[in-house]
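Chain residues, written in single-letter form:
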2 protein chains.
Amino acid sequence: MKVLLVFAHPERRSLNGALRDVAIAELEAQGHEVQVSDLYAEGWKSAVDRADFPHWPEGAELRVGAASKKSFETDTLTGDVKAEIEKLLWADALILQFPLWWYAMPAILKGWVDRVFAYGFAYGVGEHSDKRWGDRFGEGTLAGRRAMLLVTVGGWEEHYSPRGINGPIDDLLFPINHGILYYPGYEVLPPHVVYQVDRFKEADFERAAENVRERMRTLETTAPIRYRRQNFGDYLIPAMTLRPELGEGEARGFALHVDTATAL
Amino acid sequence: MKVLLVFAHPERRSLNGALRDVAIAELEAQGHEVQVSDLYAEGWKSAVDRADFPHWPEGAELRVGAASKKSFETDTLTGDVKAEIEKLLWADALILQFPLWWYAMPAILKGWVDRVFAYGFAYGVGEHSDKRWGDRFGEGTLAGRRAMLLVTVGGWEEHYSPRGINGPIDDLLFPINHGILYYPGYEVLPPHVVYQVDRFKEADFERAAENVRERMRTLETTAPIRYRRQNFGDYLIPAMTLRPELGEGEARGFALHVDTATAL
């Protein structure tokens, strides 16, 4: 497989940097080809602004969605964004690696999403009508590819457990896994989360490295999260609500959008 | 009251810009004092990196938490960050205004949080031991102040309803409301969300403006979301899990951390 790893940590000599090396070494040992987008090293620009759309008429009100659509269609996005889109189209699998800061991705990585996930590429794809709400959530430009998160967290695993004060980790990561990765078509693998990284010792590192290696060895075979596809009957369109007869039982909130009932 | 509005939209002539004017005019009509942090206009730096900690030893590995702690203690954070901290300490109420991009805040606003919410200021406050896990979630530097989100969304309200495909809006905003605002002590008001903003017409705007005015008129009196306080018996410490006898009934996930049972 071809694998793109997007790395969002400011320090190469960090635990994140070390785990990145472990991941890449294992992927290459498995015969995969790897490219890295090291956002800090590349000085990635985070904020979407007028400079992202050089052909948007000077003086005109900037409408981000419209400008993104026009720029993608006319191939006038900036070079840094175009390069990332090429890498995404090259890769069979995408890994986003980052430390969880304030329960979300670091700004620089959010800026990679905000800028690279252009209208016509990652959203605004396919027919939009009262009968069909675009190719997304199970379809889209990136369908057939795999994605996973590799996340480090300062707190304890228990603090992110089903009754932990921070909220369950799967719910905290849902806006990324479902809203950013599943949206344009990726099959999303369960995230790999490393906890208590502020107090890592040497023995912890060896264990953590082996866990990362195992995830890299199984990148091609791990079963994805079974998010429900938008356009195959589970949702009412255009309300985009889950059909009343589905998701019964204990599921609430985000968990409704994972199909735990249908046989594989 | 003194109110700080943090504005994160790249276009001043947008709906967000117009609603910002409406909000400020109404706050001032009510006798409140308003300051604005216009992140795009100020060219806010989004990414946390070595330049944020000018006194961190050159050549040494950058440990973000430790560098933030040291810089806050020694008053050597950068001028832009110190100015924002001063504004937060000045304000009785904080409003974060932004468009929802990819189910989260724009990168520039995440970068404001990542950089301004320093160790010793917004986290790492109070005793950290096996008996007490810091002053947070109900206590902290910003306790006694109010905060609310003012958010614009392209999709329909139904798409963000309890069974909507995007997930419930309250869950999508939980990592911000609970994880970013409640964490350092704010009383968090219910968010004000404006939907379907991509198809706004003049009549929509008048209604939207009036709704924003109403929220500004009641900024001082609206009841906050009843998140559970960390250090007052609801959680087991240090596991930080909700006590088994609490949160029974239908609550799952994030909803467990809202107290719907205790009498006011």
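Coordinates for the structure precede this section.
Residues numbered from 1 in each chain as written. Chains lettered and ligands numbered in written order. Predicted model: local features only at pLDDT ≥ 70, side-chain atom pairs only at ≥ 80, totals over all residues. Heavy atoms only, no water.

Caption draft 1: Highlighting the side chain of Lys110(A). If you trace the backbone, Lys110(A) turns up in helix α4 (residues 107–116). Look at Lys110(A) and you get buried, because its relative accessible area is 3%. Side-chain polar atoms of Lys110(A) contact the backbone oxygen of Met105(B), separated by 2.9 Å. The contact partners of Lys110(A), leaving out residues within four places of it in the chain, are Met105(A), Trp101(B), Trp102(B), Ala104(B), Met105(B), Pro106(B) and Ala107(B). (Helix = DSSP H or I, 4+ residues; strand = E, 2+ residues; numbered from the N terminus. Buried < 20%, exposed > 50% of the residue type's maximum accessible area, 1.4 Å probe, protein only. Polar contact = N/O pair within 3.5 Å; in protein donor to acceptor, adjacent residues only side chain to side chain. Contact = heavy atoms within 4.5 Å.)

Caption draft 2: Molecular detail of the packing of aromatic side chains. This model, assessed by the stated rule, comprises 31 aromatic pairs over all chains. Ring centres of Phe72(B) and Phe121(B) lie 5.9 Å apart, and the angle between their planes is 45 degrees; on these two criteria the pair is classed as tilted. In this pair, Phe72(B) is assigned in helix α2 (residues 64–73) and Phe121(B) in the loop between α4 (107–116) and β4 (146–152), connecting sequence segments 49 residues apart. Relative accessible area serves as the criterion here: at 2%, Phe121(B) is assigned to the buried category. Relative to Tyr227(B), the ring of Phe174(B) has its centre 5.9 Å away and its plane inclined at 85 degrees; by these criteria the two rings are edge-to-face. With Phe174(B) in helix α5 (residues 169–182) and Tyr227(B) in the loop between α6 (202–217) and α7 (230–234), this residue pair connects regions lying 53 residues apart in the sequence. Side by side, Phe174(B) and Tyr227(B) carry an identical accessibility label, which is buried. Directly above the ring of Phe232(A) sits Arg229(A), whose terminal nitrogen or CZ lies 3.7 Å from the centroid. (Phe/Tyr/Trp six-rings, centres within 6.5 Å; stacked < 30°, edge-to-face > 60°. Lys NZ or Arg CZ within 6 Å of the ring centre and 35° of its normal.)

Caption draft 3: Region of the structure containing the relation of the copies chain A and chain B. When chain A is brought onto chain B, the operation consists of a screw motion whose angular component is 180 degrees and whose axial shift is 0.0 Å, with 0.0 Å RMSD remaining. Put plainly, the chains are arranged around a two-fold axis. Closest approach to the rotation axis among the C-alpha atoms of chain A is made by Ala107(A), whose C-alpha sits 2.3 Å away. (Least-squares fit on C-alpha atoms with pLDDT ≥ 70 in both.)

Caption draft 4: Highlighting α2(B). All names here are of chain B. When α2 is considered as a whole, its buried residues turn out to be Val64, Ala67, Ser68 and Ser71. End-on view of α2: buried residues confined to an arc of 100 degrees, all on one side of the axis. A positive backbone phi angle near 60 degrees is found at Asp75, which sits one or two residues after α2. (Arc of directions from axis to C-beta.)

Caption draft 5: Quick peek at the interface of chain A and chain B. Listed by partner, the interface residues are 69 residues for chain A and 69 residues for chain B. Where chain A packs against chain B, one counts two salt bridges. Scanning the region where chain A abuts chain B turns up 27 residue pairs in polar contact (both at pLDDT 80 or more). Listing elements by their share of the side of chain A that touches chain B, those giving two or more residues are α4, α5 (169–182) and β8 (241–242) of chain A. Considering every element that reaches the side of chain A that touches chain B, the biggest residue donor is α5(A), with seven residues. For the side of chain A that touches chain B, the class distribution of residues is 39 nonpolar, 16 polar and 14 charged. (Salt bridge = Lys/Arg side-chain N within 4 Å of Asp/Glu carboxyl O. Nonpolar A, V, L, I, M, F, W, Y, C, P; charged D, E, K, R; others polar.)

Caption draft 6: Region of the structure containing the pattern of salt bridges. Residue and element names in this part refer to chain A. According to the stated counting rule, one finds 40 salt bridges over all chains in the structure shown. The shortest N-O distance in the salt bridge between Lys82 and Asp75 comes to 3.6 Å. Judged by relative accessible area, Lys82 falls into the partly exposed class, the value being 29%. We note a salt bridge from Arg213 to Glu210, for which the minimum N-O separation is 2.8 Å. Pair noted here: Arg213 and Glu210 are both in helix α6 (residues 202–217), with a separation of three residues, about one helical turn. Exposure remark for Arg213: the relative accessible area of 23% places this residue in the partly exposed category. Under the relative-accessibility criterion, Glu210 is labelled partly exposed at 35%.

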